[in-house]
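These are the residues of each chain, in order.
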Amino acid sequence: MTEHPTSHEGRQPLAARSQERTRPRAQAAGASPAPAGPPPKPQPQPQPQVHTAPLQAQDITGTARREGDRLRFVGAATRRIARGIDLDEIVLGLCRATVPTFSDAILVYLRDPLPVGDERPVSPFVLRLRRTDRLRSSADDTDQGGVGAMPLLDAGSEPTPAAELCEVRSGGALSEVLRGVRPVFGDSAAARAALPELLGDGRSVPTGHRAILAPLRGRRRVIGAAVFLRRPDRPAFEPNDLLVAAQLATHTALGIDKAVLYGREAYIADELQRTMLPDSLPQPTGVRLASRYLPAAETARVGGDWYDAIPLPGSRVALVVGDVMGHSMTSAAIMGQLRTTAQTLAGLDLPPQEVLHHLDEQAQRLGTDRMATCLYAVYDPVSHRITIANAGHPPPILLHLGGRAEVLRVPPGAPIGVGGVDFEAVELDAPAGATLLLYTDGLVESRLRDVWTGIEQLRERLADTAQLTGPDHSPPLEALCDDVLDMLGPGDRDDDIALLAARFDGIAPSDVAYWFLEPEDAAPGRARRLARRALARWGLEELSDSVELLVSEVVTNAVRYAERPVTLRLLRTDVLRCEVGDDSPQLPRQRRARDTDEGGRGLFLVNRLARRWGATRLSTGKVVWFELPTRA
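Residues numbered from 1 in each chain as written. Predicted model: local features only at pLDDT ≥ 70, side-chain atom pairs only at ≥ 80, totals over all residues. Heavy atoms only, no water.

## Things to note about the sheet that holds strand E21 (residues 621–629)
Here comes step 1: Taking strand neighbours across the sheet as the criterion, the five strands line up as E17-E18-E19-E21-E20 in an open arrangement whose pairing is antiparallel. At either margin of the open sheet sits one strand with a lone partner, and together these are strand E17 (512–517) and strand E20 (612–618). Between one strand axis and the next, the sheet turns through 15° on average, direction left out of account.
Here comes step 2: For strand E18 (residues 566–572) and strand E19 (residues 575–582), the ladder comprises six bridges, and the chain directions are antiparallel. (Pairing = 2+ DSSP bridges. Helix = DSSP H or I, 4+ residues; strand = E, 2+ residues; numbered from the N terminus. Axes fitted to C-alpha atoms, helices over the stretch in contact; angles between N-to-C directions.)

## Examining the sheet that holds strand E6 (residues 222–230)
Strand pairs in the sheet, formed through backbone hydrogen bonds, run parallel or antiparallel to each other.
Here comes step 1: Read from one edge of the open sheet, six strands run E3-E2-E1-E6-E5-E4, paired in antiparallel fashion. Looking at strand neighbours, the two that pair on one side only are strand E3 (165–167) and strand E4 (184–185), the edges of this open sheet.
Here comes step 2: Examined bridge by bridge, strand E1 (residues 105–111) and E6 share six bridges and lie antiparallel to one another. Along E6, the bridge assignment pairs Leu 110 with Gly 224.
Here comes step 3: Strand contacts of helix H4 (residues 87–98): E1, strand E2 (126–134) and E6, with the helix running at about 45° to E2, the strand carrying the most contacts.
Here comes step 4: Helix-sheet contacts for helix H8 (residues 239–276) involve E1, E4, strand E5 (210–217) and E6, and the interaxial angle to E5 is about 35°. (Contact = heavy atoms within 4.5 Å.)

## A few points about the packing of helix H13 (residues 523–538) against helix H14 (residues 544–561)
Here comes step 1: Contact pair H13 / H14: the axes reach a minimum separation of 8 Å and the direction vectors enclose 145°. Where H13 crosses over H14, the handedness of that crossing is right-handed. For the pair formed by H13 and H14, the contact residues are Ala 523, Pro 524, Ala 527, Arg 528, Ala 531, Arg 532 and Leu 535 on the first element and Ser 544, Val 547, Glu 548, Val 551, Ser 552, Val 555, Thr 556 and Val 559 on the second.
Here comes step 2: Counted by class, the contact of H13 with H14 contains nine nonpolar, three polar and three charged residues. (Left-handed = near helix turned anticlockwise from the far one by under 90°. Nonpolar A, V, L, I, M, F, W, Y, C, P; charged D, E, K, R; others polar.)

Next comes the structure, spelled out in structure tokens:
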């Protein structure tokens, strides 16, 4: 019999080792080597082990997916909040971004009033409910009486979901939560004490609802609070949702801060523009006026365009329109200075070309890059003439009574601020019934057309509008201005627009009486006789006593200081206007005469009897005028 050799260390025979290699790998790994002899007793089978690695991987994947969803939601929500410009748009963006994605309802409280910039907030600290949104209940939930039919807040029988106003008490629970800045869960001790104070007496979060109270902190202070609510049928808020609420609250608060600052700047811009432009146009004799101003856009409310109408001595009127380069507060400030300078120069009764020359010097004093275009015109209703000087501005358009519109040939000149340029004035006819249109380049120039194409289109538009009213009637001024602005297209608002329209009515020669008086003692008596004859010719004898007295006083004062002939002019329109001119530049001043004084009461009588009176200095002297009503 053949024996299987064994190893020197008592190992199994080779055959046995071969059988060992044929066993399953699992059994070989779990059992010890079997000794030779009888077979071992059967051992109980081990229980199968639960492998947790796949489940842990699934949990990690689900968590990562939820975190990714949160990040995407925060990104989309902040973009929607950032799209808002004004306060209401930002608050609406927060509500629409969170309901129903993040919460089923939201309440947004803001400080009332909201502090602006670095200004100190007013006390007491009051929060006003700015907006509240919630997920509407479905019809099925309402019929079944489920959670969807539950009210937003338990408020008894009151229709409002929460109190409109909340005064934050110093040292109270709500004040502490707002001071902490971080959002808190509604079931926390701090929120349970703060929410009733915020929502109002008798109001609380409905039973089973989850809430997050998030303070809204701007750049320097808390400006409000937001309450996020979830119904019981939705998953509860998680700790990471506090970070989401904090992100939404931060972006909303910063957006509100910017919106308040933008609103203040827009208010300042509107006020600045309003104060720079005339509140109302004067109603001088012999001319009717209408105007329009349009900013370039909502984002550029302030511009350098302006218009003005300035009454001058002799029933004349100065018409001004100008355009300062740029769209900013600086442009508006320069425009205001130039407009004030033009009014001062007009009060000196300087010729139009001299006014532009002084405006050019003023612009150079303001800075090297302060440039503007300007058109200055003076209309005389007695002579039916108009004198125009231009400084690089688009030419005016004259619409005649028959419907013909023409672009006036005015020397273009150089813009104001260039320096060292002479300006030239032209004198043109201004027939009764004609309309002069002054405008800035924003009306006729844009990215879609050049300035001369726009001027031709404006001329055609005026002619077409005049044809609608017939050859014997001029179009109404207000309707004419509106019709002119209607020609603007969507791409034509690149610049602000100033528009001034003047309808020339003039004064008929039969309503004007004009004389020269030698500066002598007999001049007052002659002035009384001439005024009496003119009033009799006009059928105004009832004014003879008042007019003779006032004319005598004003002419006496003029003769006392004049060296050249004194002018006397009477104008009959809706009022009777008397003008006395002399070559003395000293303006008369009303003063109280003493009982022992023999004179000094002339202007006192003028002030008591005339409806209006005044004195204007001219380049050749002065004019003293007064007006009396022609009808009782």
